[in-house]
Amino acid sequence: MRLAAAELVESREILPGQWLQAYHAPDLANGSRAGQFVHVRTGDLSGLVLRRPFSLNTTDASTGTVTIHFRVIGRGTEWFTRLRPGDEIDLLGPLGRPFEVDQRSRHLLLIAGGLGMAGVRMLADEAIRAGRQVTLLFGAASSREVYPSNLLPDEVEYVVATDDGSLGHHGFVTDLVPDYEGWADQAFACGPSGMLKALAKQAEGRRQRLGVAKLGRKRGAGKTAPLGSPAARRKAFLQVSMEQNMGCAVGACLGCVVMSVTGAPQRVCREGPVFAAEELAWDGAWA
């Protein structure tokens, strides 16, 4: 984790109310992994005292640039849209735990809903560089909110679902998953909690439906990796990146807690934002 000064290189509105910004931040462009995030300080504006968490959308070590993708939802995010090339902000990161890809996985299924694209976008780059095949399923309310295909690597198979049927599959992005679950070695998702919950339910029955073994069964048979460990997450079919409001983003305030299947609270900023879907109690509550 580092505190880095970042200079804005480019800022553009790629969808209505959604922005993509590139910053020159060599310290963060080197060593960050897909699934991690940064905590960004806004300008000195009255009432905007908390940093904002943004997924690391992409990184480029050769140019020292990182990008963030965000939606304008209030005064803080609106402030970022008024920045101009050459303006500086400070970024704290990389924070959180990344996606864990098993070295034997060749086919990766990425699933994103709306702004959840920012949570999985970097993983597409990492997978392509490693020679893996990638299919990305994306869900949006309508064609106006569909992530532009020209912002993805050419090697990615991109499949779209819209709630109103204005582009691609008419329905939810979760409707598309059964067509790919036999092809995929692992799946990685980010989006609304309802979408992630539905994907977790689908993943529960996948092994029985397809008659497949868990990754890692032959190597180290009989050994069980601790729940939540990188090894356990690499063996899971589905990993999810959770979207939660955050205060401190370093694990102190407990403002971003979700519940695990063991009953232990998990801080999204520290134990996450990436979890194996089977780690979380999707129907759990504090009561």
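Residues numbered from 1 in each chain as written. Predicted model: local features only at pLDDT ≥ 70, side-chain atom pairs only at ≥ 80, totals over all residues. Heavy atoms only, no water.

**A word on the pattern of salt bridges**
Should the charged atoms of two oppositely charged side chains come close, the side chains can pair. The criterion, for reference: Any carboxyl oxygen of Asp or Glu within 4 Å of a side-chain nitrogen of Lys or Arg constitutes a salt bridge here. The numbering of helices and of strands both runs from the N terminus, where a helix is a DSSP run of H or I of at least 4 residues and a strand a run of E of at least 2. Under the scheme applied here, a residue whose accessible area is under 20% of the maximum for its type counts as buried, over 50% as exposed, and between as partly exposed, the area being computed with a 1.4 Å probe on protein chains only.
The tally for this structure, following the rule as stated, stands at 12 salt bridges. The shortest N-O distance in the salt bridge between K201 and D283 comes to 3.5 Å. Placement of K201 in helix 4 (residues 193–204) and of D283 in the segment after strand 16 (274–276) is noted, with a sequence separation of 82 residues between them. K201 sits in the partly exposed class, given a relative accessible area of 41%. On the basis of relative accessibility, which here comes to 55%, the residue D283 falls in the exposed class. Several salt bridges converge on common partners, so that one network encompasses R33, E100 and R234.

**Some remarks on the sheet that holds strand 3 (residues 37–40)**
The condition is simple: Two strands form a pair only when DSSP identifies at least two bridges running between them. Note on geometry: axes are C-alpha line fits, over the in-contact stretch for helices, and angles between N-to-C directions span 0 to 180 degrees. Should any heavy atoms of two residues lie within 4.5 Å, those residues are considered in contact.
With antiparallel pairing, seven strands are arranged side by side in an open sheet as 4-3-7-1-2-6-5. Each edge of the open sheet carries a strand with a single partner, namely strand 4 (52–55) and strand 5 (58–60). Ignoring which end each strand starts from, the neighbouring axes of this sheet average 35 degrees apart. Examined bridge by bridge, strand 1 (residues 2–15) and strand 7 (residues 88–95) share six bridges and lie antiparallel to one another. In the strand pairing of strand 7, A5 is matched with D90. Here helix 3 (residues 117–129) sits on the sheet in contact with strand 4, strand 5 and strand 6 (65–71), set at roughly 40 degrees to strand 5.

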